[in-house]
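Architecture and fold: a report
So the chains spell out like this:
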Amino acid sequence: MMTGQEYKDSLRKRNIIVYFKGKQIPAKEIPNNPYLRGHVNSAALTYDLAFDPTCEELMTATSHLTGKKINRFTHIHQSVDDLIKKVKMLRMISLKTGTCYQRCVGFDAMNATYGTTFEMDQKYGTHYHERFKKFLEYIQNTDFMLAGAMTDPKGDRSKRPSQQSDPDLFVHVVEKNDKGIIIRGAKAHMTGMVNSHEMLIMPTMSLKPEDKDYAVCCALPVDAPGVIHIFGRQSNDDRKLEGDIDQGNAKYGVVGGECLTVLNNVFVPWERVFMCGETDFAGMLVTRFASYHRQNYGGCKGGVSDIVIGAAAAIADMNGYAKANHIKSKINEMIHLTETLYACSIACSAEGVQLPSGQYFVNMLLANVGKHNVTRYIYEIDRLAHDIAGGFIATLPSQADLESPEVGKYVEKYFKGVDGVSTADRMRVARLIEVMTGGTALAESMHGAGSPQAQEVMYSKLANLEAKKKAALKIAGVKVED
């Protein structure tokens, strides 16, 4: 296993091409680049915590392939207990970072690919699963960070991949030869991609036979020839060039540092190809990945919401109205919503089942319901934080104003709260609430792991409405056929 510093040092060895605001960021500068540093720090913590005796049980596991101790983020779930520990681990890390630490997408992609390749081989006699196990062992031994790459740009949403006027709007195979395949396209909103070592490409939706070229799952280094990453903007990201107060969460940043990853005729050797044309298994891979990923949100967003609750309670103290009954009631509601999110993630894990590959998989219905709750409850938790904090969180002068010889005394004087609390500390908490409850963070809660409609489609299929109707009719005394 790597330490956080070893992880950072390893990033400097890549030949990755990253652009931001039209300019290329030198690869060696990525760990310390002001726009990327917080995201690197939050991912690095997942490495350091594996060596912390108080976190070891959650942060590490035993590889079922090698018997070695590994970081849990490289593990294939071997039991219901593994599924539950995953959720507990995510909440624990979120309590320490207050933001995304980016390794979940690759973690879930590995688990989804592991089981799907096993069942593809059973049906077709292919060798995808053995190939993937070798890749997995490589990831476990190196402790490399893997970025899961599912979301395509999609273009015209009314058309399937093979119907698009531009075929590159979904990643697809453009050539096959005896050495491997060549792929072209792009993956959008790629969490943690610029500070990962490898990526795992997956299809983004169920596919039909005519979409055969788009049924591709493969692994490649993030710095493979032909790969370009364009780092995305975030709300108020230029504050990262200024003082730490205005950033809110200066050490760990906001959300996951997403990017657009462009694949310009990228070669992938056959040993790293885990699906190539098997359209009937694309839907299984997408569904399993989505369910594993939706399992996470009560854990990670539960931990992030713990920080929002703490910040709201702290600002109420600093403003002098923490004892007001309506403030206590709002904080209690935030707690209730947060624990409801967490309960759904624990429940979908506890109801996990074993797949033919031997690994364990979540209860899909509860995983999708849990993520759908996140798309609603986080907005309410954040709304209550705004209500408690007050409008000054959105209109504060800057840290530079606070430190100004000319006007600093006025900021100090007029933004003070209760006695005994410095204006600077009150501003720090206000900025933390601002960055955690607005802009980029809210949009990620809505669309991360799929938009609300995606979850609604899933739980409407899984809820077995016909069985519910029959049960109701029987109780009402209406004769029904069994």
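Each residue is numbered by its place in its chain's sequence as written, counting from 1. The predicted origin of the model limits local features to residues at a pLDDT of at least 70 and limits the giving and counting of side-chain atom pairs to 80 or more, whereas totals for whole chains, interfaces and linings rest on all residues. For the side-chain quantities, the full set of heavy atoms in the structure was used; hydrogens and water were omitted.

Notes on helix 5 (residues 104-124)
Given 3.6 residues to a turn, an α-helix orients residues that are three or four positions apart in the same direction. Definition in use: A run of H or I in DSSP counts as a helix once it spans at least four residues, and a run of E counts as a strand once it spans at least two, with each numbered from the N terminus. The span expected for a helix works out to 1.5 Å for each residue beyond the first. Between buried and exposed lies partly exposed: a residue is buried under 20% and exposed over 50% of the maximum accessible area for its type, with that area taken using a 1.4 Å probe on protein chains only.
Between its first and last C-alpha, helix 5 extends 30 Å over 21 residues, near the 30 Å set by a 1.5 Å rise per residue. Burial runs high along helix 5: 17 of the 21 residues are buried. In the stretch just after helix 5, G125 is the one whose phi turns positive, near 70°.

Section: the environment of T60
What counts, and what does not: Here, two residues are considered to be in contact whenever any of their heavy atoms come within 4.5 Å of each other. The term polar contact refers here to a pair of N or O atoms within 3.5 Å; inside protein, the definition further demands a hydrogen-donor-capable atom paired with an acceptor-capable atom, and it admits residues adjacent in sequence only when both atoms are side-chain atoms.
Counting through the fold element by element, T60 comes out in strand 3 (residues 60-62). Along the primary structure T60 and E351 are separated by 291 residues, whereas in three dimensions their C-alpha atoms are 22 Å apart. Excluding its chain neighbours within four sequence positions, the residues that come into contact with T60 are M1, A50, K69, I70 and R72. A polar contact of 2.7 Å, which involves the side chain of T60, links it to the backbone oxygen of E56.

With respect to the pattern of salt bridges
Side chains carrying opposite charge are able to pair once their charged atoms draw close together. The condition is simple: Counted as salt bridges are all cases of a side-chain nitrogen of Lys or Arg within 4 Å of a carboxyl oxygen of Asp or Glu.
The final tally for this structure, using the stated rule, is 28 salt bridges. Among the ionic pairs, R103 bridges to D143, the shortest N-O distance being 3.3 Å. Of this pair, R103 sits in the loop between helix 4 (80-97) and helix 5 while D143 sits in the loop between helix 6 (128-142) and strand 5 (146-149), placing them 40 residues apart in sequence. A residue is classified by how much of its surface remains accessible, and R103, at 3% relative accessible area, is buried. Taking the relative accessible area as the measure of exposure, D143 reaches 1% and is therefore buried. One network of salt bridges, in which partners are shared, links K21, R233, D237 and D238.

Here we look at the sheet that holds strand 5
Stated precisely, the cut-off is as follows: Strands were regarded as paired on the criterion that DSSP finds at least two bridges between them. Between N-to-C directions, angles cover 0 to 180 degrees, with each direction set by a line fitted to C-alpha atoms, over the stretch in contact for helices.
Strand order in the open sheet made by the four strands is 5-8-9-12, with mixed pairing throughout. Two strands in the sheet have a free side with no partner beyond their single neighbour: strand 5 and strand 12 (273-276). Taking the axes of each pair of neighbouring strands and ignoring which way they run, one obtains an average angle of 20° across the sheet. Where strand 5 lies against strand 8 (residues 198-201), four bridges are found, and the strand directions are parallel. In the strand pairing of strand 8, A149 is matched with I201. Where helix 5 meets the sheet, it contacts strand 5, strand 8, strand 9 (216-221) and strand 12, and its direction lies at approximately 65° from that of strand 5. Across the sheet, helix 6 lies against strand 5, strand 8, strand 9 and strand 12, angled at about 145° from strand 12, the strand it touches most.

Structural notes on the side chain of S291
Residue placement: S291 occurs in helix 7 (residues 282-295). Once residues lying within four places of it in the same chain are set aside, the contact partners of S291 are F361, V362, M364, A367 and N368.

Describing the sheet that holds strand 6 (residues 172-176)
The mixed open sheet is built from six strands, whose spatial order is 2-1-10-11-7-6. Each edge of the open sheet carries a strand with a single partner, namely strand 2 (23-25) and strand 6. With strand direction ignored, the average angle separating the axes of adjacent strands in the sheet is 25°. Taken together, the five bridges between strand 10 (residues 227-231) and strand 11 (residues 259-269) define a ladder with antiparallel strand orientation. When the sheet's bridge partners are listed, V227 is paired in strand 11 with L263.

As for a nonpolar patch on the surface
This is how it is decided: Patches draw on residues past 30% relative accessible area with no salt bridge. Two like charges within 9 Å are joined, as are two nonpolar side chains (Val, Leu, Ile, Met, Phe, Trp, Tyr) within 5 Å. Surface accessibility follows the Shrake-Rupley procedure with a 1.4 Å probe radius. Residue values consider only the protein chains on display as shielding.
Taken together, the side chains of V407, Y410 and Y414 define a hydrophobic patch exposed on the protein surface, amounting to about 330 Å² of accessible area. Looking at where V407 falls in the secondary structure, it is placed in the loop between helix 11 (399-402) and helix 12 (408-414).

A short note on the packing of helix 10 (residues 364-389) against helix 14 (residues 440-447)
Put simply, the test is: Note that the term roughly parallel is reserved for angles under 35 degrees, roughly antiparallel for angles over 145, roughly perpendicular for angles of 65 to 115, and oblique for everything else. Side-chain classes are defined by residue name, with Ala, Val, Leu, Ile, Met, Phe, Trp, Tyr, Cys and Pro counting as nonpolar, Asp, Glu, Lys and Arg as charged, and the others, Gly among them, as polar.
Contact pair helix 10 / helix 14: the axes reach a minimum separation of 7 Å and the direction vectors enclose 155°. Looking at the two axes, helix 10 sits roughly antiparallel to helix 14. Between helix 10 and helix 14, the contacting residues are K371, V374, T375, I378, Y379 and D382 on the first element and L442, A443, S445 and M446 on the second. Here the residues of the contact of helix 10 with helix 14 sort into six nonpolar, two polar and two charged.

A short note on the pairing of strand 7 (residues 180-187)
Along strand 7, seven of the eight residues are buried, which leaves the element largely enclosed by surrounding structure. Note that strand 6 and strand 7 share four bridges and pair antiparallel. Its bridge partner being in strand 7, V173 is matched across the sheet by I183. Examined bridge by bridge, strand 7 and strand 11 share seven bridges and lie antiparallel to one another. Along strand 11, the bridge assignment pairs I182 with F267.

What to know about the environment of L95
Looking at the secondary structure, you find L95 in helix 4. Residue L95 is classed as partly exposed on the basis of its relative accessible area of 44%. Each C-alpha atom of the pair L95 and N464 lies 37 Å from the other, and the pair is 369 residues apart in sequence. Residue contacts for L95: discarding those within four places in its chain leaves G303, D306 and I307.

Things to note about the packing of helix 9 (residues 325-350) against helix 10
Heads up, the rule is: Helix crossings get a hand from a simple test, with the near helix turned counterclockwise from the far one by less than a right angle marking a left-handed crossing and a clockwise turn marking a right-handed one.
It is the contact of helix 9 with helix 10, at a shortest axis distance of 9 Å, that shows an interaxial angle of 165°. Comparing the axis directions of helix 9 and helix 10 gives the class roughly antiparallel. Every pair of crossing elements has a handedness; the one defined by helix 9 and helix 10 is left-handed. Here the contact of helix 9 with helix 10 is built from residues that sort into 18 nonpolar, four polar and four charged.

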